[in-house]
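Residues per chain are reported as follows:
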Amino acid sequence: MRSGDSRLHTRSSHALRSSLWLLLRLAVSGGLLGYLVWRADPRMIWAQWQQADLRLLLLAIVVQLGGIALSSWKWSLLLQANERPQPYRWLLATSFLGLFANNFLPTSVGGDAMRVVALGRKSGSYAQASASVFMERLTGFLALSLIALGTLLVGASALVGSHPVTEPVLITATAGFALVALVATGGALAAPWLLRRFGHWLPELVRQPLSTIAQALDEYRHSRGTLLAVLVISLLVHALWIGMHIIASRALGIEASWLIYLLMVPLTDIIGMVPIFFNNVGARDLVFTLYLRQAGVPDATALALAFTVFSIRLLISLIGGVVLLVRSTK
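Residue numbers run consecutively from 1 along every chain, following the written order of its sequence. Per-residue local features are limited, in this predicted model, to residues with pLDDT of at least 70; the limit for side-chain atom pairs, both in listing and counting, is 80 or more; totals at the level of whole chains, interfaces and linings are taken over all residues. As a rule here, side-chain values come from all non-hydrogen atoms in the structure, and water together with hydrogens is ignored.

*Asks:* What should I look at first to understand the overall build of the chain in this one?
*Replies:* Numbering of helices and strands starts at the N terminus; helices are DSSP runs of H or I of at least 4 residues and strands are runs of E of at least 2. Each helix and strand in the chain was counted, giving 13 helices and zero strands. Each helix and strand of the chain, placed in order from N terminus to C terminus, yields the pattern α-α-α-α-α-α-α-α-α-α-α-α-α. The cut-offs for exposure are 20% and 50% of the maximum accessible area for each residue type, with area from a 1.4 Å probe on protein chains only; residues under the lower value are buried, those over the upper are exposed, and the others partly exposed. Scored against the burial criterion, the 330 residues of the chain give a buried share of 46%. For the chain, restricting intrachain contacts to residue pairs at least 6 apart in sequence, the fraction spanning at least 24 positions comes to 74%. As presented, the chain carries roughly 17,000 Å² of accessible surface, and 68% of it is formed by carbon and sulfur atoms. Any two residues having at least one pair of non-hydrogen atoms within 4.5 Å are treated as being in contact. In this description, accessible areas are obtained by the Shrake-Rupley approach with a 1.4 Å probe, and a residue is regarded as covered only by the protein chains that are shown.

Shown next, in the form of structure tokens:
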């Protein structure tokens, strides 16, 4: 086989595998969502939407916009730390662009890739662009883990009057996923040390991603103060994200404990990173029904909340579509 034919065959095989994987993800997410909706009765879900408080839904949208603005500021601090500052308005617009890609492209990393490309072109350094986006993601992942684990500890103590989660299986699953996320974050932060001590023993499949992570961390080895500030901002960003869920639930008449959301929302985001789900569809809905069911919330109401949160994200991400259109015309 000639080299040109070989390359064509390789590309065709890769395209076929990608298409099959996308179909599998759609089947898993769509199948799980369809089953949950069928069990809950679509008419009940529609009835919940009809009585929603539009003023609270508008407030939820404003809170979500505030979280995106704060997240863009966090990204700005990371770029200032490695002496590649960019105008905040441009970073905010690019964040919306990434959100648009995450919600309308069939991959959870499409938004990050788009941000890296846009920043790399503007700053002239794709390496530093990748490092800033990676650190922005990593600190957010760490914040999610800390919120979930902290809430589990508070809920298990005598600091609150009632336990937000009563099912042992859910308690174990939440703790397990949060700990895995925390260990993964710790492993990423320890990548330079792991390479120095064990790099020559590690297989190429492990050594290559560790090297990439270590290079990103190297950009911020002298910026521990900035990283601490970024972590604090990450906690605030996710607090707004959780707050948006609480406001949206109140708009639907749900009166569950706020501690449930401090567990439910981080767990949903962590599980949604598993690549078998398409844009977190199915995973979000399953976690919402399992958690809110313990507070006496009907499955139809929990699904109405999951659809409402998803709709708010889609609506806001359309701003990124406008940004894409404007930039493409330029």
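Picking up where we left off.
*Asks:* Can you walk me through the nonpolar core in this structure?
*Replies:* Grouped together as the largest cluster of nonpolar side chains are 50 residues, with contacts concentrated most on Tyr-261, Met-264, Tyr-291, Leu-292 and Leu-305. Among the secondary structure elements, those contributing two or more residues to this core are α1 (3-40), α3 (54-81), α4 (88-104), α6 (126-156), α10 (224-251), α11 (258-272), α12 (283-293) and α13 (299-329). Top element by residues in this core is α13. It accounts for 10 residues. Those residues within four positions of Leu-305 in sequence are excluded, and the remaining contacts are His-245, Ala-248, Ser-249, Leu-252, Ile-254, Tyr-261, Phe-288 and Leu-292. To define a nonpolar core, start from buried Ala, Val, Leu, Ile, Met, Phe, Trp, Tyr and Cys residues and group those joined through side-chain atoms within 4.5 Å. Leu-70, Ala-131, Ile-213 and Ile-233 belong to the second largest nonpolar core, which has 17 residues in total.

*Asks:* Just to check I follow, could you spell out the side chain of Asp-269 for this structure?
*Replies:* When you line up the elements, Asp-269 lands in helix α11. Aside from chain neighbours lying at most four places away, what touches Asp-269 is Leu-144, Trp-241 and Asn-280.

*Asks:* Even after reading the chapter, I still don't get the packing of α11 against α12, so can you show me in this structure?
*Replies:* Between two packed helices, both the angle of their axes relative to each other and the distance between the axes serve to describe the pair. A fitted line through C-alpha atoms represents every axis, and for helices the fit uses only the stretch in contact; the resulting angles, taken between N-to-C directions, go from 0 to 180 degrees. In contact at an axis separation of 9 Å, α11 and α12 are set at 155° when each is read in the N-to-C sense. Here α11 lies roughly antiparallel to α12, going by the angle between them. Every pair of crossing elements has a handedness; the one defined by α11 and α12 is right-handed. Taking contact as the criterion, the partners of Ile-260, Tyr-261, Leu-263, Met-264, Leu-267, Thr-268 and Ile-271 in α11 are, on α12, Ala-283, Arg-284, Val-287, Phe-288, Tyr-291 and Leu-292. In these notes the angle categories are as follows: under 35 degrees is roughly parallel, over 145 is roughly antiparallel, 65 to 115 is roughly perpendicular, and the rest is oblique. Crossing handedness follows the turn of the near helix against the far one: under a right angle anticlockwise gives a left-handed crossing, and clockwise gives a right-handed one.

*Asks:* Please clarify how unusual backbone geometry should be interpreted in this entry.
*Replies:* Most peptide bonds take the trans configuration, and most residues that are not glycine carry a negative phi. Positive phi outside glycine occurs at Asp-41, with the angle close to 80°. Along the chain, Asp-41 turns up in the loop between α1 and α2 (42-50). Classification of Asp-41 by relative accessible area gives partly exposed; the value is 22%.

*Asks:* I would appreciate a short explanation of the packing of α3 against α13 in the present structure.
*Replies:* Two elements in contact, α3 and α13, have axes whose closest approach is 10 Å; the angle formed by their N-to-C orientations is 55°. With respect to their mutual orientation, α3 and α13 come out oblique. Handedness of the crossing formed by α3 with α13: right-handed. Along the contact surface, α3 presents Leu-57, Ala-60, Ile-61, Gln-64, Leu-65 and Ile-68, while α13 presents Thr-308, Ile-312, Arg-313, Leu-315, Ile-316 and Ile-319. Gly counts as polar in this scheme, as do all residues outside two lists: the nonpolar Ala, Val, Leu, Ile, Met, Phe, Trp, Tyr, Cys and Pro, and the charged Asp, Glu, Lys and Arg. Split by residue class, the contact of α3 with α13 holds nine nonpolar, two polar and one charged.

*Asks:* Explain the packing of aromatic side chains here, please?
*Replies:* The geometry of an aromatic ring pair is captured by the separation of the ring centres together with the interplanar angle, meaning the angle of the planes. To pair, rings of Phe, Tyr and Trp, with the six-membered ring standing in for Trp, must have centres within 6.5 Å; the planes then decide the type, stacked if under 30 degrees apart, edge-to-face if over 60, and tilted in the middle. Tallied over the full model, the rule gives three aromatic pairs. On the numbers, 6.3 Å between centres and 90° between planes, the contact of Trp-46 with Trp-49 is edge-to-face. Remark: Trp-49 and Trp-46 occur in helix α2; sequence separation between them is three residues, near one turn of the helix. An angle of 50° between the planes, with centres 5.8 Å apart, marks the rings of Trp-49 and Phe-307 as tilted. Taken together, the residues span a long stretch of sequence, with Trp-49 in helix α2 and Phe-307 in helix α13 at a distance of 258 residues. Assessed through its relative accessible area of 32%, Trp-49 is described here as partly exposed. Three or more aromatic residues joined by ring pairs form one cluster here, namely Trp-46, Trp-49 and Phe-307. The aromatic ring of Trp-75 is capped on one face by Arg-115, whose charged end is 4.8 Å from the ring centroid. As a reminder, the over-ring test applies to NZ of lysine and CZ of arginine, requiring each to be within 6 Å of the ring centre and within 35 degrees of the ring normal.

*Asks:* Would you mind showing me how to read the confidence of the model for the chain here?
*Replies:* Atomic detail in the predicted coordinates should be set aside for any region of low pLDDT. Per-residue pLDDT for the chain has a mean of 83; in total, 89% of the residues score no lower than 70. Here helix α9 (residues 204-218) stands out as the least confident element of the chain, with mean pLDDT 72; α3 is the most confident, with 95. What pLDDT conveys is the predictor's confidence in a given residue, as a value from 0 to 100.

*Asks:* Got a minute to help me understand the pattern of salt bridges in this structure?
*Replies:* As a working rule, side chains carrying opposite charge can pair if their charged atoms are close by. Take a side-chain nitrogen of Lys or Arg and a carboxyl oxygen of Asp or Glu: if they are within 4 Å of each other, that pair is a salt bridge. Going through the model one piece at a time under the given rule, you end up with eight salt bridges. Across the salt bridge formed by Arg-43 and Asp-41, the nearest N and O atoms sit 3.2 Å from each other. With its nearest N and O atoms 3.7 Å apart, the salt bridge here joins Glu-255 to Arg-250. The exposed category is assigned to Glu-255, whose relative accessible area is 64%. When its relative accessible area of 28% is taken as the criterion, Arg-250 is described as partly exposed. Look at the salt bridges and you will find they share partners, linking Lys-74, Asp-112, Arg-115, Glu-136 and Arg-137 into a network.

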